[in-house]
Amino acid sequence: MIMASVPTMIVITGPTASGKSALAVEVALRLGTGIISADSRQVFQGIPIVTAMPTDEERVTVRHHLIDMLPLDGYYSASMFEEDALRIGRDLMERNGTAVVCGGSMMYVDALCHGIDLLPTVPAEIRDGLTALWRERGDDWLRGELLRLDPDYSRKVDLRNMKRVFHAVEISMTAGTPYSSLITGERRERDFRIVKICLDGPRELLFERINTRVDKMIAAGLEEEARRVYPLKGLNSLNTVGLKEMFAWFDGEMDRRTAIERIKKNTRVYAKKQLTWFKRDAGIIRLDIRSANLAEQVLCASSS
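Residues numbered from 1 in each chain as written. Predicted model: local features only at pLDDT ≥ 70, side-chain atom pairs only at ≥ 80, totals over all residues. Heavy atoms only, no water.

Caption draft 1: Seen up close, the overall build of the protein chain. The number of helices and strands found in the protein chain is 13 helices and six strands. A compact globule built from 304 residues would reach a C-alpha radius of gyration of about 19 Å, and the protein chain, at 20 Å, matches this within 12%. Its C-alpha atoms give the protein chain principal-axis dimensions of about 55 × 45 × 30 Å. For the protein chain, the residues scored as buried account for 51% of the 304 residues in total. Considering only contacts within the protein chain whose residues lie at least 6 apart along the sequence, 75% involve residues at least 24 apart. Accessible surface, the protein chain as shown: approximately 14,900 Å² in total, 51% of it carbon and sulfur. Computed over 43 positive and 42 negative side-chain charges, the inter-centroid distance for the protein chain is 4 Å. (Helix = DSSP H or I, 4+ residues; strand = E, 2+ residues; numbered from the N terminus. Rg over C-alpha atoms; globule rule 2.2 N^0.38 Å. Buried < 20%, exposed > 50% of the residue type's maximum accessible area, 1.4 Å probe, protein only. Contact = heavy atoms within 4.5 Å. Areas by Shrake-Rupley, 256 points an atom, 1.4 Å probe, with all protein chains shown as cover. Lys, Arg positive; Asp, Glu negative; His and termini not counted. Charge placed at Lys NZ, Arg CZ, Asp CG, Glu CD.)

Caption draft 2: Representation of the sheet that holds strand 3 (residues 64-65) within the structure. If you trace the six strands from one edge of the open sheet to the other, you get 3-2-4-1-5-6, paired in parallel fashion. Sheet topology places strand 3 and strand 6 (285-288) at the edges, where each strand pairs with a single neighbour. As defined by bridge partners, strand 1 (residues 8-13) adjoins strand 4 (residues 98-102) across five bridges and the pair is classed as parallel. Note that in strand 4 the partner of Ile10 across the bridge is Val100. Sitting on the sheet, helix 1 (residues 20-31) touches strand 1, strand 2 (35-37), strand 3, strand 4 and strand 5 (193-200), and the angle it makes with strand 4 is about 170°. (Pairing = 2+ DSSP bridges. Axes fitted to C-alpha atoms, helices over the stretch in contact; angles between N-to-C directions.)

Caption draft 3: Highlighting helix 3 (residues 78-96). For helix 3, spanning 19 residues, the distance from its first C-alpha to its last is 25 Å, which sits close to the expected 27 Å at 1.5 Å a residue. Taken as a whole, helix 3 has its buried residues at Ala78, Phe81, Glu82, Asp84, Ala85, Leu86, Ile88, Gly89, Leu92, Met93 and Asn96. Each element contacted by the buried residues of helix 3 is listed here: strand 1, strand 2, strand 3, strand 4 and helix 4 (106-114). Following helix 3 by one or two positions, Gly97 has its phi on the positive side, about 90°. (Expected span 1.5 Å × (residues − 1).)

Caption draft 4: Up close: the pairing of strand 1. Burial analysis of strand 1 places six of its six residues in the buried class, which makes it a mostly covered element. Of the two faces of strand 1, the one lined by Thr8, Ile10 and Ile12 and the one lined by Met9, Val11 and Thr13 are each fully buried.

Caption draft 5: View of the state of the cysteines. Taken as a whole and assessed by the stated rule, the structure comprises zero disulfides. Free of any disulfide, Cys198 has its nearest neighbouring cysteine sulfur in Cys102, separated by 12 Å. Summary of cysteine pairing: Cys300 is not part of a disulfide, and the nearest cysteine sulfur, belonging to Cys198, is at 18 Å. For Cys300, a relative accessible area of 49% puts it in the partly exposed group. (Disulfide = S-S within 2.5 Å.)

Caption draft 6: Seen up close, helix 13 (residues 294-303). When we look at burial in helix 13, the residues that qualify are Leu294, Ala295, Val298, Leu299, Ala301 and Ser302. The arc that holds the buried residues of helix 13, viewed along the axis, is 160°, so those residues lie on one side. (Arc of directions from axis to C-beta.)

Caption draft 7: View of the nonpolar core. One finds Ile36, Ile47, Phe81, Leu222, Leu238, Leu243 and Met246 to be the most contacted residues of the largest nonpolar core, which totals 47 residues. Mapped onto this core, the elements with two or more residues apiece are strand 1, helix 3, strand 4, helix 4, helix 9 (203-220), helix 10 (222-229), helix 11 (243-250) and helix 12 (256-279). The dominant element in this core, judged by the number of residues it contributes, is helix 3, at seven residues. Excluding anything up to four places from it in sequence, Leu243 contacts Ile47, Val50, Ala226, Val229 and Leu238. Core analysis: the second largest hydrophobic core is formed by 24 residues, Ile12, Val25, Val62 and Ala295 among them. (Core = buried A, V, L, I, M, F, W, Y, C linked by side-chain atoms within 4.5 Å.)

Caption draft 8: How the structure looks around the pattern of salt bridges. What the rule picks out here adds up to 23 salt bridges. Ionic pairing is found between Asp191 and Arg90, a salt bridge with its closest N-O pair at 3.1 Å. Taken together, the residues span a long stretch of sequence, with Asp191 in the loop between helix 8 (162-175) and strand 5 and Arg90 in helix 3 at a distance of 101 residues. A relative accessible area of 35% means that Arg90 is categorised as partly exposed. Here Arg290 makes a salt bridge to Asp288, at a shortest N to O gap of 2.5 Å. A relative accessible area of 27% means that Asp288 is categorised as partly exposed. (Salt bridge = Lys/Arg side-chain N within 4 Å of Asp/Glu carboxyl O.)

Caption draft 9: Structural view of the side chain of Asp150. Relative to the helices and strands, Asp150 is located in the loop between helix 6 (139-149) and helix 7 (151-156). Here Asp150 sits buried without a salt bridge, and the closest side chain of opposite charge, Arg155, lies 7.2 Å off (N-O distance). With near-sequence residues (within four places) excluded, Asp150 lies in contact with Ser172, Pro178, Tyr179 and Ser180.

Okay, here's the thing in structure tokens:
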């Protein structure tokens, strides 16, 4: 085991299919520590293929935290992740000197590294009631509620991201004030060292990896997984690339081949958004996915 002289959290992030998971396992194994998942969909049970859940072999090799833990109708947020990841990370660093974080959910990575605004706890009756109305009245109704409660945030948010729309509405309802008025954007200092690694590479190579991954997901049974959860398709946990396109096929909106090609396209679009997001961070260390010694580079960066 390699012990860090200063408590260190190594965050391995990057676009979809860049090789984060395999690298994190190798690094954590070398350091004798565990992995905290920073993936907003891997927290849910029952959808291991579409979320690229760590394999059984990877989970036996290295302990993974914050994965496969919630039912599909469960609720989880970036603020809840921040609290859980800090608690687990500090425990790992106390015992091993280091903790490894792996994932590409941008809000989760930012929440852990920089903190997130303290927001009121949403009572179950508000969340459950809003969820029921959303299912009954649809996405456009929820967008209208956001426009009514917080027109400023409604102009800024990606209105296709229904998880963020829902979160803003429920917070506005709970606080009795617009969600945007509670967002300060202030960064918190952590009491440990953070080394942030972003895997990157030529777009054509990343896109080729994405296309190959989708083909492998199909071969592994993505269609069957999607059919199992199709009756629950209104749940926010299932509002994700890979399932949305399968559901559209099941609903007769497109054929199977088109659905698969749309998954590849939408995943490539998401990867570009991830890369754009990570480029804003001047402190991030970018590593080329074509390098043969990525684990050594990560260990060197974390020990310097």
